[in-house]
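Coordinates in review
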Amino acid sequence: MRSRKVNQVHSDIKSIRIVLLGLEGVGKSAFLVRFLTRRFIGEYDQTLESSYKHIVELDGVAVCLDILDTAGEITNCKLQQCKIQGDVFVILYSIADKETFRQATKIGRYLNHFKSPGAPTAMVLVGNKNDLEHFRQVESSQGREFSSELECLFKEISISERTGYEEVNDVIHGALRQYLAIDQPDKKKKLDRRENSSVSYLSKMKEGLMKRTGSIRRKSVAF
């Protein structure tokens with residue numbers, strides 16, 4: 001996945017909205033900065049909510065990402081707003097803080113329960129700070145079990161470690177693939193429904209024309 005400058009955006013490039021969710025201090029801003037710049041920065045203003053546009057190339061196709069880094073208290077009202085805004089949801093928690101995992105389960109279940117019919121979305125559960133193994137409060141098995149409940153991707157990472165960029169990139173890459181896998185069949189179903197409707201309409205027209213033609217022929221013979 002390679003990044004491009006935002007000023008190269010064209011109207012035919014697919015846009016996908018990504019929302020980063022989780023309690024303060026789990027590493028949402030660090031996750032985003034790693035992805036955008038490859039750098040790790042540990043200190044951020046936890047009250048500042050921001051959004052960024054970023055162009056990536058995925059399997060030879062350019063995709064415009066609109067990424068929202070959320071901040072502040074996680075309320076149902078806020079989650080409802082995020083659900084409306086997002087296509088892909090990255091839910092982060094710290095493996096060294098069980099309260100952050102509890103909040104992650106709350107977020108995931110809310111998004112899963114209130115999914116909009118016909119609106120494809122993808123989620124990924126991310127356990128950050130796995131370099132703090134000696135402070136672990138959330139087992140990997142708990143993350144895997146919850147991701148199975150949500151039917152979403154799961155990955156434990158350490159944004160601060162040397163491999164942080166590759167791990168963050170893999171998370172985004174996997175989430176985008178999951179979303180596109182859901183989105184494309186949905187569009188195909190809609191197209192198939194339109195084609196079937198058109199075929200049905202043409203069949204009825206042909207059947208009506210044949211009936212009228214047969215009637216004319218029968219009248220001609222009788223005459």
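Residues numbered from 1 in each chain as written. Predicted model: local features only at pLDDT ≥ 70, side-chain atom pairs only at ≥ 80, totals over all residues. Heavy atoms only, no water.

An unreviewed UniProt entry lists the protein under the name small monomeric GTPase, with Actinia tenebrosa as the source organism. Listed in UniProt under the heading Sequence similarities (unreviewed entry), the comment for the protein reads: "Belongs to the small GTPase superfamily. Ras family." Turning to the protein, the UniProt annotation filed under Catalytic activity (unreviewed entry) states: "GTP + H2O = GDP + phosphate + H(+)". (UniProt positions renumbered as here; feature names shortened; annotations may be inferred.)

1. Describing unusual backbone geometry
Working note: non-glycine residues mostly have negative phi, and peptide bonds are mostly trans. Look at D59: it is not a glycine, yet its phi comes out positive at around 55 degrees. D59 gets classed as exposed once you look at its relative accessible area, which sits at 54%. A positive phi angle, near 60 degrees, is found at E151, a position not held by glycine. With respect to the secondary-structure elements, E151 resides in the loop between α4 (140-150) and β7 (153-156). (Buried < 20%, exposed > 50% of the residue type's maximum accessible area, 1.4 Å probe, protein only. Helix = DSSP H or I, 4+ residues; strand = E, 2+ residues; numbered from the N terminus.)

2. Considerations on the pairing of strand β3 (residues 50-58)
The pairing of β3 with strand β4 (residues 61-69) spans nine bridges and is classified as antiparallel. Residue pairing in the sheet places V56 in a bridge with V63 of β4. Connecting β3 to the antiparallel partner β4 that follows it, the hairpin turn spans two residues, and D59 within it adopts a positive phi of roughly 55 degrees. (Pairing = 2+ DSSP bridges.)

3. Digging into the nonpolar core
The biggest cluster of nonpolar side chains holds 28 residues, and the ones touching the most others in it are I16, I18, F31, L65, V90, I172 and L176. Among the elements of the structure, β2 (14-21), α1 (28-37), β3, β4, β5 (88-94), β6 (122-128) and α5 (164-222) are those that each provide at least two residues to this core. If you tally residues by element for this core, the top one is α5, at seven residues. By size, the runner-up hydrophobic cluster in this structure holds 21 residues, among which are L21, A104, I107 and M123. (Core = buried A, V, L, I, M, F, W, Y, C linked by side-chain atoms within 4.5 Å.)

4. Thoughts on the packing of helix α2 (residues 76-85) against helix α3 (residues 98-113)
For the pair α2 and α3, the least separation of the axes is 10 Å and the interaxial angle reads 55 degrees. The angle between α2 and α3 falls in the class oblique. Relative to α3, the crossing made by α2 is right-handed. Contacts from N76, L79, Q80 and K83 in α2 reach K106, I107, Y110 and L111 in α3. When its residues are assigned to classes, the contact of α2 with α3 shows four nonpolar, two polar and two charged. (Axes fitted to C-alpha atoms, helices over the stretch in contact; angles between N-to-C directions. Parallel < 35°, antiparallel > 145°, perpendicular 65-115°, else oblique. Left-handed = near helix turned anticlockwise from the far one by under 90°. Contact = heavy atoms within 4.5 Å. Nonpolar A, V, L, I, M, F, W, Y, C, P; charged D, E, K, R; others polar.)

5. Some words on the packing of aromatic side chains
Using the criterion set out here, one finds three aromatic pairs in the structure. When the ring of F101 is compared with that of F146, the centres are 6.3 Å apart and the planes differ by 75 degrees; the resulting orientation is edge-to-face. Of the two residues, F101 sits in helix α3 while F146 sits in helix α4, which places them 45 residues apart along the sequence. F146 carries the same exposure label as F101, and that label is buried. Taking 4.6 Å as the distance between ring centres and 40 degrees as the angle between the ring planes, the aromatic pair formed by Y110 and F114 counts as tilted. When its relative accessible area of 14% is taken as the criterion, Y110 is described as buried. A connected cluster of aromatic rings, assembled from ring pairs, spans Y93, F101 and F146. (Phe/Tyr/Trp six-rings, centres within 6.5 Å; stacked < 30°, edge-to-face > 60°.)

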